[in-house]
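The lines below spell out each chain.
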Amino acid sequence: MEEEKVFKDPVHKYIYVQDQLIWDLIDTPEFQRLRRIRQLGTTYLVFHGAEHSRFSHSLGVYEITRRIISQFERSEYPDWPREEKLLCLCAALLHDLGHGPFSHSIEEVMEFDHEEWSCHIIEGKTEVNRLLRTVDPDFPRKVASVIRKNYEKPIVVNLVSSQMDADRMDYLLRDAYFTGANYGTFDLDRILRVLRPHQGRIVVKGSGMHAVEDYLMSRYQMYWQVYFHPVTRSSEIILRKILLRAQELCRSGYAFAWIPDPILKLFRGELDVASYLKLDEALVQTAFAAWTEEEDKLLSQLCGRFLHRRLYKYITFEKEHESEAQLCFEELAAAGMDPGYELEIDFPYDLPYHVYRSAAEGLTEGGRGKPPILLLEPSGAVTEISRRSDVVPSITGMHRGQYRLYYDEEAAGRIRRKLKPRTLARLGLEPSGDA
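Residues numbered from 1 in each chain as written. Predicted model: local features only at pLDDT ≥ 70, side-chain atom pairs only at ≥ 80, totals over all residues. Heavy atoms only, no water.

In the nomenclature of an unreviewed UniProt entry, the chain corresponds to HD domain-containing protein from the organism Paenibacillus albicereus.

Pasting the structure below:
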């Protein structure tokens, strides 16, 4: 590349592109599509600044990976092969290529994995694939194997996928910046300085333990203040119910006044790479706007709720009172509320996030095989961080949580005559004298 290219970035100040391949990959239609996928899904309905995209996050992951590689080259890894460095950078840049609109919510309903779609795009008939093949015909497969976490060298996978990887470090800082949640920040520079390559994997110099504790505590705060926010959960519930209802109608042969072809293929399980790449949040929200005029009243009302932020209300139950939440759910359903579309019991522990999983809890996180954080002692031995830290065990596993019963407030108001006084009080409804 004749001249280094630079992006200005609110989180990292500058993102440096030094390889022509990286520059060309950024300019592909597949990567540009990520501008139209929000990083935090429906969180913008709660934190109005959370409009940042998977595009900017992916650039940030690339930049952190580039900085780590640069540091390793200056010390322990001066002869790191160029192609393998490029492999790390490409995997970092492209790791989220397969995210769909509203990310994890749509994955949960449609039962697919964005990482597999990333690999399908990388290995399919795409511009990204064509560019990667200019390095080597087998290069797309190698990039996909890093994303699938089965590449032969763990150190390469660790850069993009571990419990303290470039992906997590960027999204924490970026999400904190755009939501205004300052407690999500941590000392990135210090962490990068204490990372070390050791016996084929990435470890942390022992003196850097407190910087890692700060990073993990920032994750903890972000989960409870942003990612697990109850109003965000309400918006996600309504989004899922829209998708479920539309899919149910599609499979029953319902004639939509208008439904985009990629969404139709999504519901029918007929998506190929070309159709998947047409799915973005602009298309989905355009469909929702059209569906507010559909003859199916349930779909129409759900879409109107989502677009106009008329979210479900909720009542909270402590974890040990799960049975009370279930009884309240059953009472509302028996009184006439639709248990499939007007009610839902939610426990935030089912989200695809965890603060940290120690070695004692196994080497997997959500089935995704993320190893624990290891400290490198002066003796050369490695120790899993929760065995030395007093802070980490207190937040490991995230067993804290509350059950919330989400409900359609209008529907609850219509059946208030059938509800017990205690339930009415929980819902904040007046007795039925005026109903």
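**Student:** In this structure, what is going on with unusual backbone geometry? I would like to understand it.
**Tutor:** Excluding glycine, residues mostly have negative phi values, and the peptide bonds linking residues are mostly trans. The backbone of K13 shows a phi angle near 70°, a positive value even though the residue is not glycine. Here K13 lies in strand β2 (residues 13–17). In this structure, R309 is a non-glycine residue whose phi angle is positive, near 55°. Mapping R309 onto the fold places it in the loop between α17 (297–307) and β5 (313–318). Classification of R309 as partly exposed rests on a relative accessible area of 42%. (Helix = DSSP H or I, 4+ residues; strand = E, 2+ residues; numbered from the N terminus. Buried < 20%, exposed > 50% of the residue type's maximum accessible area, 1.4 Å probe, protein only.)

**Student:** It is not clear to me how the side chain of R233 should be interpreted in this structure. Could you clarify?
**Tutor:** Locating R233 in the fold gives a position in helix α13 (residues 230–251). A polar side-chain atom of R233 sits 2.5 Å from a polar atom in the side chain of D346. (Polar contact = N/O pair within 3.5 Å; in protein donor to acceptor, adjacent residues only side chain to side chain.)

**Student:** What is the right way to read the pairing of strand β4 (residues 201–205) from this model?
**Tutor:** For a regular strand, side-chain orientation follows a simple rule: the groups alternate between the two sheet faces. Examined bridge by bridge, strand β3 (residues 195–198) and β4 share four bridges and lie antiparallel to one another. Residue pairing for β4: R196 is matched across the bridge by V203. Across two bridges, the pairing between β4 and strand β7 (residues 374–376) is parallel. Note that in β7 the partner of V204 across the bridge is L375. (Pairing = 2+ DSSP bridges.)

**Student:** When you look at the pairing of strand β9 (residues 402–407) in this model, what are you seeing that I'm missing?
**Tutor:** With five of six residues buried, β9 is to be regarded as a mostly interior element. As judged from the six bridges shared by β5 and β9, these two strands associate in the antiparallel manner. Within β9, the position partnered with Y314 by the bridge is Y406. Here strand β6 (residues 343–346) pairs with β9 via four bridges, running antiparallel. When the sheet's bridge partners are listed, E344 is paired in β9 with Y406.

**Student:** Looking at this model, I keep getting lost on the domain arrangement of the chain. Mind explaining?
**Tutor:** By a widely used convention, the size of an interface equals the accessible area lost when the partners come together. The domains assigned to the chain are domain 1 (5–194 + 206–226) and domain 2 (229–306). One C-alpha centre belongs to domain 1, the other to domain 2; they are set 28 Å apart. Note on domain 1 versus domain 2: buried area summed over both sides is about 2,500 Å², and carbon and sulfur give 68% of it. Taken together, the links from domain 1 to domain 2 amount to three salt bridges. In this structure, the salt-bridge partner of R38 is E281, at a minimum N-O distance of 2.8 Å. Along the contact surface separating domain 1 from domain 2 lie eleven residue pairs in polar contact (both at pLDDT 80 or more). Looking at the side of domain 1 that touches domain 2, the elements that each hand over two or more residues are α5 (103–110), α6 (114–123) and α12 (209–227). Of all the elements, α5 adds the most residues to the side of domain 1 that touches domain 2, at five residues. A per-class count over the side of domain 1 that touches domain 2 returns 15 nonpolar, nine polar and five charged. (Domains from an automatic or database assignment. Buried area = accessible area lost by both parts, 1.4 Å probe. Salt bridge = Lys/Arg side-chain N within 4 Å of Asp/Glu carboxyl O. Nonpolar A, V, L, I, M, F, W, Y, C, P; charged D, E, K, R; others polar.)

**Student:** It is not clear to me how the UniProt feature "domain: HD" (unreviewed entry) in the chain should be interpreted in this structure. Could you clarify?
**Tutor:** Here, UniProt's "domain: HD" (unreviewed entry) annotation points to residues 54–172. Secondary structure over residues 54–172 splits into 68% helix and 0% strand, and the C-alpha atoms at its two ends are 13 Å apart. (UniProt positions renumbered as here; feature names shortened; annotations may be inferred.)

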